[in-house]
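Spelled out from the first residue to the last, the chains are:
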Amino acid sequence: MKYHFLIMALNEEKKLLKTYKELIYVIRKTNTKNYKIYIVDDGSTDNTFKIGLKIKKENKKVVLRRNQKNLGLAKNVKNFLLKSPNTGKLILISGDNDLSKSIIIKLINASKKTDLVISYFTNREMKGIFRAFLSTTFNLICCTLFNVYAFYLQGPFVWPLKNLKRIKIFSNGIAYVSEINIKLLRSGLKFTEISGQMNTGSKNSTSIKFMNFIDIFFTIIHLLIEIYINKNFKKISTRVDI
């Protein structure tokens, strides 16, 4: 099985190299031989791309891409899927070194035993209490509306490319992770959940934008239509205890 690590970086000249080195540590720790790392400079105005070039020279398994303007996470994932292979697993890594080594290790190990892995943070207060409250409320609404059960639909994940490429992603914003997880959780897969911690470097990240609420609203409407009117995604996935 091949792992595809997608590192998204926007003005991360101070953290990109550390993010990469920690990922390489995890890859060696989990004895992952078959992998490729994609670094996407999403319209940075600092030296992020130059650092990416240095990393690429050191490792032939690194692919470097550059966007002239910022596209955001959802559109970059869509672009990646247009060119990606149909097999293997996808793991998204934030260029700001948000994910701890321990949670990435857990994600990889769990993914060897099941199709889909989703996760939740045990230190979500690092993002701020108000943001944690909003994400918990959103998660509860989605689980209730779409008959899926997960602690955190927006958490770090391991997605099976075979199933992911069959999904048409509606969201272009913050809700894209939940949208994909809901569709995969209703696709008859085997899945598991793991817990872990985010790095302290993300402390007090409380960015909340009005457009995020718009994206969430229309994504929920889209899912309601897809699932209950168009009758798609009808097979509930099975939880596997690992």
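Participant: Give a description of unusual backbone geometry that names residues and reports values.
Facilitator: The backbone of Lys231 sits at a positive phi, close to 60°, despite the residue not being glycine. If you trace the backbone, Lys231 turns up in the loop between α8 (210–229) and β8 (238–239). Even without being a glycine, Phe233 presents a positive backbone phi close to 55°. With respect to the helices, strands and loops of the structure, Phe233 is situated in the loop between α8 and β8.

Participant: So, the pattern of salt bridges: which residues are in play, and what are the values?
Facilitator: Across all of its chains, the model carries three salt bridges by this definition. Among the ionic pairs, Arg66 bridges to Asp41, the shortest N-O distance being 3.8 Å. Placement of the pair is Arg66 in strand β3 (residues 62–67) and Asp41 in strand β2 (residues 35–42), with a sequence separation of 25 residues. Classification of Arg66 as partly exposed rests on a relative accessible area of 46%. Residues Glu193 and Arg239 are paired through a salt bridge, measuring 2.8 Å at the closest nitrogen-oxygen approach. Placement of Glu193 in strand β7 (residues 190–196) and of Arg239 in strand β8 is noted, with a sequence separation of 46 residues between them. Overall, Glu193 belongs to the buried group, its relative accessible area being 14%.

About the criteria used
Sequence order sets the numbering: in each chain, residues are counted from 1 along the sequence as written. Given that the model is predicted, a residue must reach a pLDDT of at least 70 before its local features are reported, and side-chain atom pairs must reach 80 or more before they are shown or counted; all residues, however, enter totals for whole chains, interfaces and linings. Side-chain figures throughout are based on the complete set of non-hydrogen atoms in the structure, without hydrogens or water. Only DSSP runs of H or I reaching four residues or more are called helices, and only runs of E reaching two or more are called strands; each is numbered from the N terminus. Take a side-chain nitrogen of Lys or Arg and a carboxyl oxygen of Asp or Glu: if they are within 4 Å of each other, that pair is a salt bridge. Burial classification: accessible surface area is computed with a 1.4 Å probe over protein chains only, and a residue below 20% of its type maximum counts as buried, one above 50% as exposed, and the rest as partly exposed.

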